[in-house]
Each structure stands twice: as C-alpha cells, then as structure tokens.
Amino acid sequence: MCSSDLRFARLSPGQRDLYLATLVLDAVATALLLGPVAYHRLVFRQGRKEALVQAASVMAITGLAVVGLAVSAAVLLVTGFVASGVTAAVITALVFLLFGLLWFAFPLTRRR
C-alpha cells in the first residue's frame with residue numbers, strides 16, 4: 001500500500017465522497033467557465049453574436065455558482081478533517097454565504 005492510500009484510509013466514507021464531489025465540481029466549473037471561449041472560437045464571424053452572448057452569460061453565471069459550491073465543499077472537507085463538526089459547518093456556511101452575497105445578491109441589488 002502506498003503512502004497516498006494510507007492517507008485516504010484515514011478519511012471516512014463521507015469525507016471520500018465529499019472529496020470526489022469537490023473534484024467533480026471543480027471539473028464542471030472549469031468546463032462552464034471555459035465554455036464561452038471555445039464557443040466564441042467556433043462560431044466567430046458567423047452572425048451568432050446574440051446566441052453567443054446569451055450562452056456565455058448562462059455558462060459564466062452557472063460556472064460561478066459551481067465554483068462557489070466547489071470551494072465551499074473543499075472548505076468543508078478540510079475544516080471537517082481538522083476541526084469539530086459544528087466548527088466545520090459554521091465556517092463552511094459562512095464561506096458559502098460570502099460567495100452568495102458577493103457574487104449574486106450584491107450584483108443583483110445594484111442591477112435595478
């Protein structure tokens with residue numbers, strides 16, 4: 001058994017699931033945030049500007065939401081490993097709330 005196997009053995013099944021979920025969320029966020037770049041490259045100068053802008057906006061907003069989830073999941077994983085369950089939950093909730101406020105609530109209140 002290699003040393004990385006021993007480190008993973010110290011994680012509970014829930015922590016391993018959270019680790020995998022965090023990894024998948026990171027991959028999804030990367031795809032969503034880079035999707036508009038690929039889309040633009042493939043349809044550039046084909047008269048699809050409105051569709052491009054609309055799709056890019058949806059991908060970017062969704063990508064930001066997924067990044068917030070991924071970072072919050074990573075915070076939960078690490079804080080749950082080094083602190084008590086209540087401390088980990090409180091810190092994670094505050095981080096999640098911070099993303100929600102700064103990335104969504106605040107901009108939406110300024111939009112009107």
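Throughout what follows, the structure given in this document is the object of discussion.

**Re helix α4 (residues 85–111)**
With 27 residues, α4 should reach 39 Å at 1.5 Å per residue; the first-to-last C-alpha distance of 38 Å fits that figure. By the largest-angle criterion, L101 marks the main kink of α4, which is about 40 degrees. Turning to α4, its buried residues are A88, T92 and F99. Tucked inside the fold, the buried residues of α4 contact α3 (49–82).

**A word on the packing of aromatic side chains**
Each aromatic ring pair is described using two quantities: the centre-to-centre distance and the angle formed by the ring planes. With the rule as written, the count across this model stands at one aromatic pair. Relative to W103, the ring of F99 has its centre 4.6 Å away and its plane inclined at 50 degrees; by these criteria the two rings are tilted. You can see F99 and its partner W103 sitting in helix α4, four residues apart, about one turn around the helix. Sitting above the plane of the F44 ring, R41 keeps its charged end 5.3 Å from the centroid.

**Brief notes about a nonpolar patch on the surface**
Where nonpolar side chains cluster on the molecular surface, the patch consists of V86, V90, L94, L97, L98, L101 and L102 and spans about 680 Å² of accessible area. Here L97 is to be found in helix α4.

**A few points about the environment of A60**
By the element assignment, A60 lies in helix α3. When the C-alpha positions of A60 and G47 are compared, they lie 21 Å apart, and in sequence the two are 13 residues distant. Leave out the neighbours within four places in its chain, and A60 touches L32 and L33.

Criteria and cut-off values
- Residues numbered from 1 in each chain as written.
- Predicted model: local features only at pLDDT ≥ 70, side-chain atom pairs only at ≥ 80, totals over all residues.
- Heavy atoms only, no water.
- Helix = DSSP H or I, 4+ residues; strand = E, 2+ residues; numbered from the N terminus.
- Expected span 1.5 Å × (residues − 1).
- Bend = angle between axes of the 7 residues up to and from the residue.
- Buried < 20%, exposed > 50% of the residue type's maximum accessible area, 1.4 Å probe, protein only.
- Contact = heavy atoms within 4.5 Å.
- Phe/Tyr/Trp six-rings, centres within 6.5 Å; stacked < 30°, edge-to-face > 60°.
- Lys NZ or Arg CZ within 6 Å of the ring centre and 35° of its normal.
- Patch = residues over 30% accessible without salt bridge, like charges linked within 9 Å, V, L, I, M, F, W, Y side chains within 5 Å.
- Areas by Shrake-Rupley, 256 points an atom, 1.4 Å probe, with all protein chains shown as cover.
- Salt bridge = Lys/Arg side-chain N within 4 Å of Asp/Glu carboxyl O.

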